[in-house]
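Here's the letter readout for the chains.
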Amino acid sequence: MTDTVDDVDQPYDDDVSKQEKIEALEEQLDLLESQNEEMRDELLDANAENNKYKQKLERLTHENKKLKQSPLFVATVQELTEDGVVIKQHGNNQEALTEVTEEMREDLEPDDRVAVNNSLSIVKTLEDETDVRARVMQVDQSPDVTYQDIGGLDDQVSEVRETVEMPLKSPEMFDEVGIDPPSGVLLHGPPGTGKTMLAKAVANQTDATFIKMAGSELVHKFIGEGAKLVRDLFELARQHEPSVLFIDEIDAIAAKRTDSKTSGDAEVQRTMMQLLSEMDGFDERGEIRIIAATNRFDMLDRAILRPGRFDRLIEVPKPDETGREQIFKIHTRGMNLAETVDFESLAAEATDASGAEIKAICTEAGMFAIRDDRTEVTEADFRDAWEKIQAEESDDEVSKTFA
Ligand SMILES: Nc1ncnc2c1ncn2[C@@H]1O[C@H](COP(=O)(O)OP(=O)(O)OP(=O)(O)O)[C@@H](O)[C@H]1O
C-alpha cells in the first residue's frame, strides 16, 4: 500500500506548523529573556540608588545629631526669600542668608526665633520670647511680705531699709547731703534664710514693683539669649518704676572665671558683662533699686563687687536661738496651738535650722495633728516634725552622695 498525497501532506503541514510554533515560542522566549535582563538591570540600578539614599540618610542623621550637639546661637527670622531665609543673630545683630529644608521652611515665619549653629544653619525653632521672659522674670506688683514677717534679721532689715528703702522713698536726702546711695545690694548667706523675703518686704514697704530673675535660668538656655534677657530685665524695671530688681542666684552669671574655654563659659561671661554695663550706666538716684542674692559668696567674681556695682554686702546668716524663736512665732501666728507649746525650748532644740526649715517644721507639726485627728497642735507635734524633717534631709544627703 502506497501513501496518498493527502497522507504525505499531512505530516509535512504538521511539521511546518510545529516548526512555526517553536520559532514563535523561541522569539517570545528571547523577548522575555531580554525583558528579564532589562528588569534585572533596572533592579540593580534601583538597589544601587537605594543604597545611595541609605548612606545619605545615615550621613544626614549623623549630621543632624552633630548639629544639635554643637553650641547654638539665637537668631530672628527676618524674611523668607527665594534664595533662602534671612536671619539676624542676637548679640551681634548680623544678618545672614541661610538655606533650609522645605519642611522647615513651611514652619517658619518672619519674627520667629530660631536656634542656629556655627555655620548659621537653622537647627530648630524656639518658643516665643515672651514665654522665656515669663519663665525667667517674675513680676509681682505688690508682694505681701512685710518686715514683721521676717524673724531674727533686725540688723539686716535696718541695712536694707537704709540702702534700698531710703533712696526710693527720699532720694532728695541723698541729693542734699551730696552722696550717692549704694548702687546694688548683695545679700549672701545659706539657703532659706530670708534673702528673698527681705527684697520682697522692701518692695512692699516702698510700693515698688518686685521683679525677680533667677540667674540660673538665664545662662542655661541658648547662646546670645542671656545678655538680651539682662537688657530686657532692666527695660522692664524702667517700665515699672519704682521697682526693686531682685537677681537671685547671681553666682550663676557672676562666678569667678575658670580656665575652661567652653562656649557655655563665654555665654556666662557675656551675660555678666551685660549686667555690669547695665549697672555702670545706671543712675543711682533713679527709682530702681537692685538687690542680688547668693548662697555661694566664695564663688563670686570680685568684679561685681566694685564700687558702683554691688557695693553693699549684707550677710544673711542662719538664725540664732532668739531668731529661731521669733521665726517659730511668726509661722504659727495663724495656728491653733496648745497652751503648753514652749517656743523657747523648741528654738533651743532646733539648732542649725534655717528660717525655711522652721517654716517646714510648723507646717509638718500641723500635719501631725491632722493625722491624729486633732485640731490643736502640741509641742510633741513640733518635735516629731523636726525629727521627720531632719531624717528627710539626711536621706537627701545620702542620695546626693550616691547620685
Ligand atoms: N528670717 C526668716 N523669717 C521668717 N521666715 C523665714 C525666714 N527665712 C526664711 N523664712 C521662710 O522660708 C521661706 C524661704 O525663704 P527665702 O526664699 O526668703 O530664702 P532665701 O534666703 O531667699 O533662700 P534661697 O537662697 O534658697 O533662695 C520664706 O518664704 C519663709 O517662709
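In this numbering scheme, every chain counts its residues from 1 along its sequence in written order. Totals for whole chains, interfaces and linings use all residues, but because this is a predicted model, local features are given only for residues with pLDDT of at least 70 and pairs of side-chain atoms are given and counted only at 80 or more. Side-chain numbers here rest on the full set of heavy atoms in the structure, without hydrogens or water.

Chemist: What is the right way to look at the site of the ligand in this model?
Modeler: Whether a residue is near a molecule or strand is decided by its heavy atoms; if any one of them lies within 4 Å of it, the residue is near. Looking at the ligand, there are 18 residues lining it, with Gly192, Lys195, Thr196, Asn295 and His331 nearest. Within 3.5 Å is the distance limit for a polar contact, defined as a pair of N or O atoms, with the added protein rule that one can donate a hydrogen and the other accept it, and that residues adjacent in sequence qualify only through two side-chain atoms. Here an oxygen atom of the ligand sits 2.9 Å away from a polar atom, N or O, in the main chain of Gly192. The separation between an oxygen atom of the ligand and a polar main-chain atom of Met197 is 3.1 Å. Areas reported as accessible are Shrake-Rupley estimates using a 1.4 Å probe. Residue values count occlusion only from the protein chains shown. When isolated, the ligand has an accessible area of 630 Å², and the protein chains bury 80% of it. The start and end points of each domain follow an automatic or database-based domain assignment. Taken domain by domain, the makeup of the shell around the ligand includes at least three residues from each of domain 2 (138-315) and domain 3 (321-402).

Chemist: How should I be thinking about the sheet that holds strand S7 (residues 184-188) in this particular structure?
Modeler: In this description, strands pair whenever DSSP reports at least two bridges between them. Only DSSP runs of H or I with at least four residues qualify as helices, and only runs of E with at least two residues qualify as strands; both kinds are numbered from the N terminus onward. Strands sit in the order S6-S8-S9-S10-S7-S11 across an open sheet of 6 strands; the sheet is mixed. The strands lining the two open edges of the sheet, one partner per strand, are strand S6 (137-140) and strand S11 (312-315). Direction aside, the axes of adjacent strands within the sheet are offset by 20° on average. The criterion used for residue contact is that any of the two residues' heavy atoms lie within 4.5 Å. Axes, fitted as lines to C-alpha atoms, cover a helix only where it is in contact. Angles between the N-to-C directions of the axes lie from 0 to 180 degrees. Set on the sheet, helix H6 (residues 195-205) makes contact with S7, strand S8 (209-214), strand S9 (243-248) and strand S10 (288-294); between it and S9 the angle comes to about 170°.

Chemist: I'm lost on the sheet that holds strand S2 (residues 84-89) in this one. Help?
Modeler: Sheet strands pair via backbone hydrogen bonds, and the direction of the pair is either parallel or antiparallel. One open sheet accounts for 5 strands, arranged S3-S2-S1-S4-S5; its pairing is antiparallel. Single-partner strands in this sheet number two, and they are strand S3 (95-98) and strand S5 (122-125). Between one strand and the next, the sheet's axes are offset by a mean angle of 40°, whatever the strand orientation. As judged from the 6 bridges shared by strand S1 (residues 73-81) and S2, these two strands associate in the antiparallel manner. Across the sheet, the residue bridging to Leu80 is Val85, located in S2.

Chemist: When you look at the packing of helix H10 (residues 321-331) against helix H12 (residues 355-371) in this model, what are you seeing that I'm missing?
Modeler: Axes are the key here: two packed helices are described by the angle between their axes and the distance separating the axes. It is at 9 Å that the axes of H10 and H12 come closest, and there the two elements cross at 45°. Relative to H12, the element H10 lies oblique. The two elements H10 and H12 cross, and the hand of that crossing is right-handed. Contacts between H10 and H12 involve Arg324, Ile327, Phe328 and His331 from the former and Gly355, Ile358, Lys359, Ile361 and Cys362 from the latter. By the convention adopted, Pro, Cys, Tyr, Trp, Phe, Met, Ile, Leu, Val and Ala count as nonpolar, Lys, Arg, Asp and Glu as charged, and the other residues, Gly among them, as polar. Considering only residue class, the contact of H10 with H12 consists of 5 nonpolar, 2 polar and 2 charged. Note that the term roughly parallel is reserved for angles under 35 degrees, roughly antiparallel for angles over 145, roughly perpendicular for angles of 65 to 115, and oblique for everything else. Should the near helix be turned anticlockwise from the far one by less than a right angle, the crossing is termed left-handed; should it be turned clockwise, right-handed.

Chemist: Help me understand H12, please; the structure alone is not making it clear to me.
Modeler: Think of an α-helix as 3.6 residues a turn; residues three or four steps apart then line up on the same face. Any helix carries an expected span of 1.5 Å times its number of residues minus one. Compared with the 24 Å implied by 1.5 Å per residue over 17 residues, the 25 Å span of H12 between its first and last C-alpha is a close match. Two residues or fewer after H12 comes Asp373, characterised by a positive phi angle close to 65°.

Chemist: I keep staring at the nonpolar core and nothing clicks. Help me out?
Modeler: What tends to happen in soluble globular proteins is that the nonpolar side chains get buried as a cluster. Put simply, buried Ala, Val, Leu, Ile, Met, Phe, Trp, Tyr and Cys residues joined by side-chain atoms within 4.5 Å make one nonpolar core. Any residue under 20% of the maximum accessible area for its type is buried, any over 50% is exposed, and the rest in between are partly exposed; the area is computed with a 1.4 Å probe on protein chains only. Of all hydrophobic cores here, the largest spans 32 residues; its most connected members are Leu218, Phe234, Ile250, Leu275, Ile290, Ile304 and Phe310. Looking at this core, the elements with two or more residues in it are S8, helix H7 (215-219), helix H8 (225-239), S9, helix H9 (263-280) and S10. A per-element tally of this core places H8 first, with 6 residues. If we ignore the near neighbours within four places in the chain, the residues touching Ile304 are Ile250, Ala254, Met272, Leu276, Arg309 and Phe310. Among the nonpolar cores identified, the runner-up in size contains 23 residues, and Val145, Val185, Ala201 and Ala203 belong to it.

Chemist: Looking at this structure, how should I read the confidence of the model for the chain?
Modeler: Any region with low pLDDT has predicted coordinates that should not be read closely. The score called pLDDT rates the predictor's confidence residue by residue, from a low of 0 to a high of 100. Here the chain averages 85 in pLDDT, while 88% of its residues score no lower than 70. Within the chain, the lowest mean pLDDT, 65, falls on helix H3 (residues 129-136), and the highest, 97, falls on H10. In this model, residues 1-5 is a region of pLDDT below 50 whose contacts with residues beyond four sequence positions or in other chains number 1 contact. In the predicted assembly, ipTM is 0.97 and pTM is 0.70.

Chemist: Explanation requested: the side chain of Glu357 in the structure shown.
Modeler: On the secondary structure map, Glu357 appears in helix H12. When charges are counted, Lys and Arg are positive and Asp and Glu negative, with His and the chain ends excluded. Here, a salt bridge means any side-chain nitrogen of Lys or Arg that lies within 4 Å of a carboxyl oxygen of Asp or Glu. One buried charged residue, Glu357, forms no salt bridge at all, with the nearest opposite charge on Lys318 at 4.6 Å. Of the polar contacts made by the side chain of Glu357, one reaches the backbone nitrogen of Ser354; its length is 2.7 Å. Ignoring any residue separated from it by four or fewer positions in sequence, one finds Glu357 in contact with Asp352, Ile389 and Glu393.

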